[in-house]
Amino acid sequence: MTLAGWSELGVLIVVLVATTPLLGGYMAKVYDPTLGRPRGDHLFSAIEGPIYRVCRIDPDGEQRWNTYALSLLAFSLVSVLILYAQLRLQGHLLLNPDHYKGMDPKLSFNTAVSFLTNTNWQAYGDGVMSYLTQMTGLAFHNFVSAAAGAAVAVAFIRGLVRRKSRSLGNFWVDLVRTCVRILMPLAFVAAIIFMSQGVIDNFHASRSVTTVAGQAQIIPGGPVASQEAIKEGGQNGGGFFGANSAHPFENPNGITNLLQLWLILAIPFAFTYAFGKMARDQKQGWVVFSTMFVLWLVMLLIVAPLEARGNPKLTTGGADQRVTALQAGGNMEGKETRFGAVTCGYYAASTTSTSDGAINCQHDSLTPLGGGTALVNMMYGEVSPGGTGSGLFGMLIFALLAVFIAGLMVGRTPEYLGKKIQGPEMKLVVLYLLLPAIFILGFAAAAVLVHTALNSRGNLGPHGLTEIVYAYTEAFNNNGSAFGGLSPVNTQWYDTTLGIVMLAGRFAPMIPVLAIGGSLGRKRVVPATAGTFPTATPLFAGLLFGVVIIVVGLTYFPVVALGPVVEHLVGHFGI
Amino acid sequence: MNDFAFVAIILVFFGLATLFVAACDRIIGQDEDLVATPEPSHESIAA
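Numbers given for residues are sequential positions, taken from 1 along each chain in its written order. As a convention, the first chain written is A and the first ligand written is 1, with the rest following in written order. Selection of residues for local features in this predicted model requires a pLDDT of at least 70, selection of side-chain atom pairs for listing and counting requires 80 or more, and totals for whole chains, interfaces and linings are taken over all residues.

## As for the overall build of chain A
Part 1 of the reasoning: For the purposes of this entry, the term helix denotes a DSSP run of H or I that reaches at least four residues, the term strand denotes a run of E that reaches at least two, and both are numbered from the N terminus. Across its full length, chain A carries 18 helices and four strands.
Part 2 of the reasoning: Note on method: radius of gyration uses C-alpha positions; expected globular size equals 2.2 Å times residues raised to 0.38. For 575 residues, the compact-globule estimate of 2.2 N^0.38 gives 25 Å, and chain A sits close to it at 23 Å.
Part 3 of the reasoning: For chain A, the spread of C-alpha atoms along the three principal axes comes to 75 × 60 × 50 Å.
Part 4 of the reasoning: The buried share of chain A, taken over its 575 residues, is 55%.
Part 5 of the reasoning: In this description, a residue-residue contact is defined by the distance between C-beta atoms placed from the backbone, which must lie within 7 Å. Contacts in chain A between residues at least 24 apart in sequence constitute 77% of all its contacts with a sequence separation of at least 6. Note on burial: count the other C-beta atoms lying within 10 Å of the residue's C-beta; 20 or more is buried, 12 or fewer is exposed, in between is partly exposed, and C-beta positions come from the backbone.

## Notes on the overall build of chain B
Part 1 of the reasoning: Along its length, chain B carries three helices and zero strands.
Part 2 of the reasoning: Along the chain direction, N to C, the helices and strands of chain B fall in the order α-α-α.
Part 3 of the reasoning: Looking at the 47 residues of chain B, the share that counts as buried comes to 15%.

## Here we look at the environment of Met135 of chain A
Part 1 of the reasoning: Within the secondary structure, Met135 of chain A sits in helix H5 (residues 131-161).
Part 2 of the reasoning: Between the C-alpha atoms of Met135 of chain A and Ile302 of chain A, which are 167 residues apart in sequence, the distance is 37 Å.

## Section: the interface of chain B and chain A
Part 1 of the reasoning: Tallying the contact residues gives 27 residues for chain B and 31 residues for chain A.
Part 2 of the reasoning: Looking at the side of chain B that touches chain A, the elements with two or more residues in it are helix H1 (3-28), helix H2 (31-35) and helix H3 (42-46) of chain B.
Part 3 of the reasoning: For the side of chain B that touches chain A, the element with the highest residue contribution is H1 of chain B, accounting for 15 residues.
Part 4 of the reasoning: We call Asp, Glu, Lys and Arg charged. Ala, Val, Leu, Ile, Met, Phe, Trp, Tyr, Cys and Pro are nonpolar, and the rest, Gly among them, are polar. Class assignment for the residues of the side of chain B that touches chain A results in 18 nonpolar, five polar and four charged.

## Overview of the confidence of the model for chain A
Part 1 of the reasoning: Per-residue confidence from the prediction method is given by pLDDT, with values spanning 0 to 100. Counting all residues, the mean pLDDT for chain A is 94, and 100% of those residues have values of 70 or more.
Part 2 of the reasoning: Here helix H10 (residues 312-316) of chain A stands out as the least confident element of chain A, with mean pLDDT 83; helix H6 (residues 171-196) of chain A is the most confident, with 98.

## Observations regarding the packing of helix H8 (residues 254-278) of chain A against helix H9 (residues 282-309) of chain A
Residue and element names in this part refer to chain A.
Part 1 of the reasoning: Packing of H8 against H9 leaves a shortest axis separation of 6 Å and a crossing angle of 160°. When the axes of H8 and H9 are compared, the pair comes out roughly antiparallel. As H8 packs across H9, the resulting crossing turns out to be right-handed. Contacts between H8 and H9 involve Phe269, Thr272, Tyr273, Phe275, Gly276 and Lys277 on the former and, on the latter, Gln282, Gln284, Gly285, Trp286, Val288, Phe289 and Met292.
Part 2 of the reasoning: Class assignment of the residues belonging to the contact of H8 with H9 gives a composition of seven nonpolar, five polar and one charged. Interaxial angles span 0 to 180 degrees and are taken between N-to-C directions of axes, which are lines fitted to C-alpha atoms, for helices over the stretch in contact. Any angle that falls under 35 degrees is termed roughly parallel, while one over 145 is termed roughly antiparallel, one within 65 to 115 roughly perpendicular, and all others oblique. Definitions for this section: a left-handed crossing has its near helix turned counterclockwise from the far helix by less than a right angle. A right-handed crossing has that turn clockwise.

## Considerations on helix H3 (residues 65-89) of chain A
Part 1 of the reasoning: Residue count minus one, scaled by 1.5 Å, sets the expected span of a helix. Helix length check: H3 of chain A, at 25 residues, gives a terminal C-alpha distance of 36 Å against a target of 36 Å (1.5 Å per residue), a fit within 8%.
Part 2 of the reasoning: Of the positions making up H3 of chain A, those classed as buried are Trp65, Tyr68, Ala69, Leu72, Leu73, Ser76, Val80, Leu83, Tyr84, Gln86, Leu87 and Arg88 of chain A.

## Considerations on the nonpolar core
All names here are of chain A.
Part 1 of the reasoning: We call a set of buried Ala, Val, Leu, Ile, Met, Phe, Trp, Tyr and Cys residues a nonpolar core when their C-beta atoms link them within 7 Å. Val152 and Leu514 are the most contacted members of the largest nonpolar core, which has 182 residues in total.
Part 2 of the reasoning: No other element matches the 17 residues that H5 contributes to this core.
Part 3 of the reasoning: Setting aside residues no more than four positions away along its own chain, Leu514 makes contact with Trp65, Tyr68, Ala69, Val152, Ala155, Phe156 and Leu168.

## So, unusual backbone geometry
All names here are of chain A.
Part 1 of the reasoning: Following Ser384, the chain continues into Pro385 via a peptide bond in cis, with omega recorded as 5°.
Part 2 of the reasoning: Look at Leu95: it is not a glycine, yet its phi comes out positive at around 50°.
Part 3 of the reasoning: Examined against the element boundaries, Leu95 turns out to sit in the loop between H3 and helix H4 (105-116).

## A few points about the pairing of strand S1 (residues 207-210) of chain A
Residue and element names in this part refer to chain A.
Part 1 of the reasoning: For two strands to be treated as a pair, DSSP must find no fewer than two bridges joining them. Strand direction decides the pairing type here: S1 and strand S2 (residues 216-219), joined by four bridges, are antiparallel. Along S2, the bridge assignment pairs Val209 with Gln217.
Part 2 of the reasoning: Hairpin connection, S1 to S2: the antiparallel pair is bridged by five residues, and Gly214 has positive phi, about 85°.

## Here we look at H9 of chain A
Part 1 of the reasoning: For H9 of chain A, which comprises 28 residues, the first-to-last C-alpha distance of 40 Å matches the rise-based estimate of 40 Å (1.5 Å per residue) to within 8%.
Part 2 of the reasoning: Backbone geometry just downstream of H9 of chain A places Gly310 of chain A in the positive-phi region, at approximately 95°.

## Digging into the environment of Tyr124 of chain A
Residues and elements named next belong to chain A.
Part 1 of the reasoning: Considering the arrangement of structural elements, one finds Tyr124 in the loop between H4 and H5.
Part 2 of the reasoning: On the neighbour-count criterion, Tyr124 (21 C-beta atoms within 10 Å) is buried.
Part 3 of the reasoning: For the pair Tyr124 and Leu107, spaced 17 residues apart in sequence, the C-alpha to C-alpha distance is 7.0 Å.
Part 4 of the reasoning: Setting aside residues up to four positions removed in sequence, Tyr124 forms contacts with Met103, Leu107, Thr111 and Met129.

## Some details on the packing of helix H12 (residues 368-379) of chain A against helix H16 (residues 461-476) of chain A
Residues and elements named next belong to chain A.
Part 1 of the reasoning: Two numbers describe how H12 lies on H16: the axes approach to 9 Å, and their chain directions differ by 30°. With respect to H16, the axis of H12 lies roughly parallel. Between H12 and H16 lies a crossing whose hand is left-handed. Together, Gly371, Leu375, Met378 and Met379 of H12 and Thr466, Val469, Tyr470, Thr473 and Glu474 of H16 make up the contact between the two elements.

## Quick notes on the confidence of the model for chain B
Residue and element names in this part refer to chain B.
Part 1 of the reasoning: On average, residues of chain B score 80 in pLDDT, and 66% of them reach the 70 mark or higher.
Part 2 of the reasoning: For chain B, per-element mean pLDDT is lowest for H3, which scores 43, and highest for H1, which scores 97.
Part 3 of the reasoning: The model gives residues 42-47 a pLDDT under 50, and that stretch makes six contacts with residues more than four places away or in other chains.
Part 4 of the reasoning: Prediction confidence for the complex, expressed as pTM and ipTM, is 0.94 and 0.93 respectively.

What follows is the structure in structure tokens.
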């Protein structure tokens with residue numbers, strides 16, 4: 001790695017650590033008015049008021065956990081059906097200067113589910129989506145899918161914090177407040193900065209031009225900057241163009257790339273600070289933050305140096321992978337020359353640590369262990385720092401498991417934030433942890449047995465297995481970062497099964513999380529005694545880190561060994 | 001598959017999710033059991 005690479009990482013870390021308390025403190029006030037009036041309260045209340053009136057939402061109304069969950073499901077069902085209809089009918093709708101037709105049913109299903117679930121897996125490629133679909137259908141879900149994740153996390157925090165309470169807040173209020181007070185202001189400011197750096201934002205139809213070399217080229221237009229901001233800020237990841245953030249109109253230079261990295265990570269990390277504030281125990285928030293941060297940094301420092309070192313197969317083939325004044329060096333297959341291998345490594349590690357899934361290089365072209373690290377990042381359940389809200393509640397589920405294990409060691413009933421963790425909560429925790437393995441490994445195994453699915457592999461051998469496992473892992477974890485090797489991926493098998501896995505990956509974990517929140521919220525707080533295992537210490541952070549690694553290792557090690565690890569050994573040692 | 005099949009998949013999924021909510025509610029039990037329990041004092045816990 002070069003000095004430039006280390007400097008970029010240093011700047012990113014400093015900015016992240018500095019903005020976590022600022023953004024997190026603001027978010028805590030948005031969700032818990034007893035902490036004080038958040039900035040811009042008058043303005044945002046004026047926007048929210050009419051929304052509540054039109055939608056007949058009682059802003060002071062509280063919901064039991066199951067009503068909260070059913071509200072989430074009802075909202076999601078209606079919005080996914082509307083998006084499905086819009087995708088099918090876009091050829092007859094407005095703002096379609098390139099006259100794109102409606103999508104076919106299987107692709108409409110896959111795409112509607114993908115954006116509903118914050119996955120933003122794009123099986124559709126370029127040149128199929130009208131501006132109206134981009135701006136209303138997809139962008140709407142970019143906001144509300146992130147807000148729904150945040151709402152579930154906030155409800156879960158309330159369950160941990162409240163005493164003897166039957167309710168967890170109001171889903172509709174949490175949804176509206178997240179969109180109006182957090183996501184929209186952030187997206188607005190980010191969009192302005194993106195435009196200032198050259199990200200396009202217009203309603204032009206595509207233009208055919210002749211290049212200086214005499215070749216014909218199509219120059220696309222579109223409202224890109226405004227989509228780009230929420231794409232990253234809401235951990236969505238669905239690019240305006242198929243090439244995503246590798247496209248110069250989405251991510252033209254190093255400044256936009258750094259801003260994108262910050263946007264990908266900012267809200268998930270800030271949620272840990274908001275958690276500490278709402279729990280009235282900031283150390284609890286910092287313990288979760290530090291565990292997430294170390295996981296993210298360790299994985300990043302595996303991917304980036306692997307890509308910087310280059311690929312021995314390419315060296316054998318005659319490629320020059322050295323760092324020189326004219327090239328960034330390293331494994332440049334599938335990477336943009338304006339970013340280089342190291343920055344790609346940062347982006348790949350960050351986008352798979354969160355539920356973002358945007359890419360600035362092709363993950364299928366990462367070194368075997370680099371690609372494997374991105375895969376494992378998602379297998380963690382995206383808790384480092386994860387998606388908007390979903391990262392926090394994922395890590396808090398691991399925290400409950402950690403205190404349960406610690407309780408078993410010393411023979412005491414486990415407690416977290418003064419709440420006893422008992423049988424019903426642990427049943428739901430285990431359910432939460434088993435569901436990903438069932439769906440990811442089950443569907444990947446089925447794909448290996450189905451000829452049409454197997455024939456979509458871009459590569460044979462261990463890399464082909466990784467392509468299949470990666471697809472189901474990113475789908476269940478609502479990441480959406482295509483490994484890029486499956487082709488064609490727009491098939492009946494993949495469109496349907498990945499759609500089902502995305503739905504399961506979104507809602508199957510959220511329901512037990514809300515149930516645990518509901519169960520804990522009605523409990524009393526037990527005063528800490530000498531036998532209480534403290535959860536605001538570095539020791540607990542270490543335990544939490546270990547629990548994440550062990551659970552994921554025990555679940556996925558065999559398939560990771562058969563995919564990326566075997567590929568690495570074959571490539572380096574010929575065994 | 002046509003529109004009907006995909007809409008049916010979505011409806012079936014959300015139907016199952018609703019049943020899952022009910023199942024999770026059965027796992028955690030009724031509210032009254034725990035809410036009615038009095039808050040313990042520090043001394044009683046220590047004892």
